[in-house]
Amino acid sequence: MTALQTTIKLDATIQRDLLSRARQVAQRAYVPYSNFPVGAAALAADGSVFTGANVENASYGLTICAERSAVTALASAGHRDIVAIAVSAPRVPLTTPCGACRQVLNEFRPVSEDMIVILDDRETGRAVRLGELLPMAFGPRNLEGEGEQSIE
Ligand code: THU
């Protein structure tokens, strides 16, 4: 069993809604260079949802991934916890967030429960934990206090 085969429970209606929104916003991706659209839908603790698509640039390195588009919308609205995020890349099922996006997601991982990442399997979605995608992460809590840090 690989890490991605772990089963995680998220309310089925919420999971379906997040995935549907991620698929929809992927249609608005700006991807003239890669032709690889991605959409993301992030769920805040109060139930509100923020979406984002990837936005590329002629200076390739300035491309913004879908996940970071969604995260900045959520954080700009004042939220600080992401309960779950769905990611959909219509061209490739089960596309996972890139390394940079995993680190950005980790910034808004709730203290009490690990963030759920819903991957688009072209069916009802595959839910994994951020901790599986980014084990032993460096995050905001590592900057608090001194001495040895606990490894989750
Ligand atoms: N991309 C995302 O938006 N999210 C990911 O997690 C993977 C990569 C985008 C960046 C670029 O616009 C395109 O997909 C191809 O790398």
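These notes cover the structure that comes with them. Note that the structure is predicted; figures quoted are calculated from it, not measured.

Thresholds applied
- Residues numbered from 1 in each chain as written.
- Predicted model: local features only at pLDDT ≥ 70, side-chain atom pairs only at ≥ 80, totals over all residues.
- Heavy atoms only, no water.
- Near = heavy atom within 4 Å.
- Polar contact = N/O pair within 3.5 Å; in protein donor to acceptor, adjacent residues only side chain to side chain.
- Nonpolar A, V, L, I, M, F, W, Y, C, P; charged D, E, K, R; others polar.
- Helix = DSSP H or I, 4+ residues; strand = E, 2+ residues; numbered from the N terminus.
- Expected span 1.5 Å × (residues − 1).
- Buried < 20%, exposed > 50% of the residue type's maximum accessible area, 1.4 Å probe, protein only.
- Arc of directions from axis to C-beta.
- Contact = heavy atoms within 4.5 Å.
- Pairing = 2+ DSSP bridges.
- Axes fitted to C-alpha atoms, helices over the stretch in contact; angles between N-to-C directions.

1. Thoughts on the site of the ligand
In the neighbourhood of the ligand, the contacting residues comprise S34, F36, V38, N54, E56, T63, C65, A66, E67, T96, P97 and C98. Residue N54 places a side-chain N or O atom 2.9 Å away from an oxygen atom belonging to the ligand. Contact distances for the ligand include 2.5 Å between an oxygen atom and a side-chain N or O atom of E56. Taken together, the residues that form the shell around the ligand break down as 6 nonpolar, 4 polar and 2 charged.

2. So, helix α1 (residues 12-26)
Between its terminal C-alpha atoms α1 stretches 21 Å, which fits the 21 Å expected from 15 residues at 1.5 Å a residue. Looking at α1, one finds that the buried residues are Q15, L18, L19, A22, V25 and A26. For α1, the arc enclosing every buried residue in end-on projection is 135 degrees, short of the 170-degree limit, so these residues lie on one face. Structural note: α1 exposes A12 and R16 on the side pointing more than 90 degrees away from its buried face. Elements in contact with the buried residues of α1: β1 (39-44), β2 (49-53), β3 (82-88), β4 (116-119) and β5 (126-129). Of the residues that open α1, the one with a side-chain oxygen 3.0 Å from the backbone nitrogen of T13 is D11.

3. A short note on the sheet that holds β5
Taken in spatial order, the 5 strands of this open sheet run β2-β1-β3-β4-β5, and their pairing is mixed. Across the chains shown, the open sheet's two edge strands, defined by having one partner strand only, are β2 and β5. Neighbour to neighbour, the strand axes of the sheet diverge by 20 degrees on average, direction disregarded. Taken together, the 4 bridges between β4 and β5 define a ladder with antiparallel strand orientation. Its bridge partner being in β5, I118 is matched across the sheet by A127. Seen against the sheet, helix α2 (residues 66-76) touches β1, β2 and β3 and runs at an angle of roughly 145 degrees to β2.

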